[in-house]
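Architecture at a glance
Residue-level listing of the chains:
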Amino acid sequence: MNEQVSHRQRAPDDDPTSEFEVGQEFQNKEAVLMAVKTYSINRAVDYKILESDQLKYAARCVQQDQGCGWMIRVSYWRKKEIWE
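Quick look at the structure, then.

Reading guide: rules and limits
Residues numbered from 1 in each chain as written. Predicted model: local features only at pLDDT ≥ 70, side-chain atom pairs only at ≥ 80, totals over all residues. Heavy atoms only, no water. Salt bridge = Lys/Arg side-chain N within 4 Å of Asp/Glu carboxyl O. Helix = DSSP H or I, 4+ residues; strand = E, 2+ residues; numbered from the N terminus. Buried < 20%, exposed > 50% of the residue type's maximum accessible area, 1.4 Å probe, protein only. Core = buried A, V, L, I, M, F, W, Y, C linked by side-chain atoms within 4.5 Å. Phe/Tyr/Trp six-rings, centres within 6.5 Å; stacked < 30°, edge-to-face > 60°. Lys NZ or Arg CZ within 6 Å of the ring centre and 35° of its normal.

This next bit is on the pattern of salt bridges. Overall, the coordinates contain 3 salt bridges when judged by the stated rule. For the salt bridge of Arg 43 with Glu 19, the shortest nitrogen-to-oxygen distance reads 3.4 Å. Of this pair, Arg 43 sits in helix α1 (residues 29-43) while Glu 19 sits in the segment before α1, and the two are 24 residues apart along the sequence. Taking the relative accessible area as the measure of exposure, Glu 19 reaches 38% and is therefore partly exposed. The salt bridge involving Glu 51 is made with Arg 73; its shortest N-O contact spans 3.9 Å. Of this pair, Glu 51 sits in strand β1 (residues 47-52) while Arg 73 sits in strand β3 (residues 71-77), and the two are 22 residues apart along the sequence. On the basis of relative accessible area, Arg 73 is assigned to the partly exposed category, the value being 38%.

Turning our attention to the nonpolar core. One recurring pattern in soluble globular proteins is that nonpolar side chains are buried together. Within the largest apolar cluster, 15 residues are counted, with the highest numbers of intra-cluster contacts made by Phe 26, Trp 70 and Ile 72. The set of elements that each furnish at least two residues to this core consists of α1, β2 (56-61) and β3. Broken down by element, this core gets its largest block of residues, 4 residues, from α1.

Next up on the list: the packing of aromatic side chains. According to the stated counting rule, one finds 4 aromatic pairs in the structure shown. Ring centres 5.0 Å apart and planes at 40° place the aromatic pair Phe 20 and Tyr 39 in the tilted group. Of this pair, Phe 20 sits in the segment before α1 while Tyr 39 sits in helix α1, and the two are 19 residues apart along the sequence. Their ring planes at 90° and their centres at 5.6 Å tell us that Tyr 39 and Trp 70 sit as a pair that is edge-to-face. Of this pair, Tyr 39 sits in helix α1 while Trp 70 sits in the loop between β2 and β3, and the two are 31 residues apart along the sequence. Judged by relative accessible area, Tyr 39 falls into the buried class, the value being 4%. By the ring-pair criterion, three or more aromatic residues cluster together here, those being Phe 20, Phe 26, Tyr 39, Tyr 47 and Trp 70. Above the ring of Tyr 39, the side-chain terminus of Arg 43 is found at 3.7 Å from the ring centroid.

Dropping the structure here:
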């Protein structure tokens, strides 16, 4: 998951076996935060927030030694008024 991703209606929190995909969309920043939190809980890993402001959010898994190497970057698209 080292690509820029976002989240649509079907989320990793809906299906714990689901992964994020490039091009998914979030309704708002709160949905981004909840999806990342749920994704991490379902996989029993911790994550670190790298960047979080009004237009961007980035986080990564901190347990590299356990084979956890994901990173997520999401940004707000004013044109579409969505997080992607």
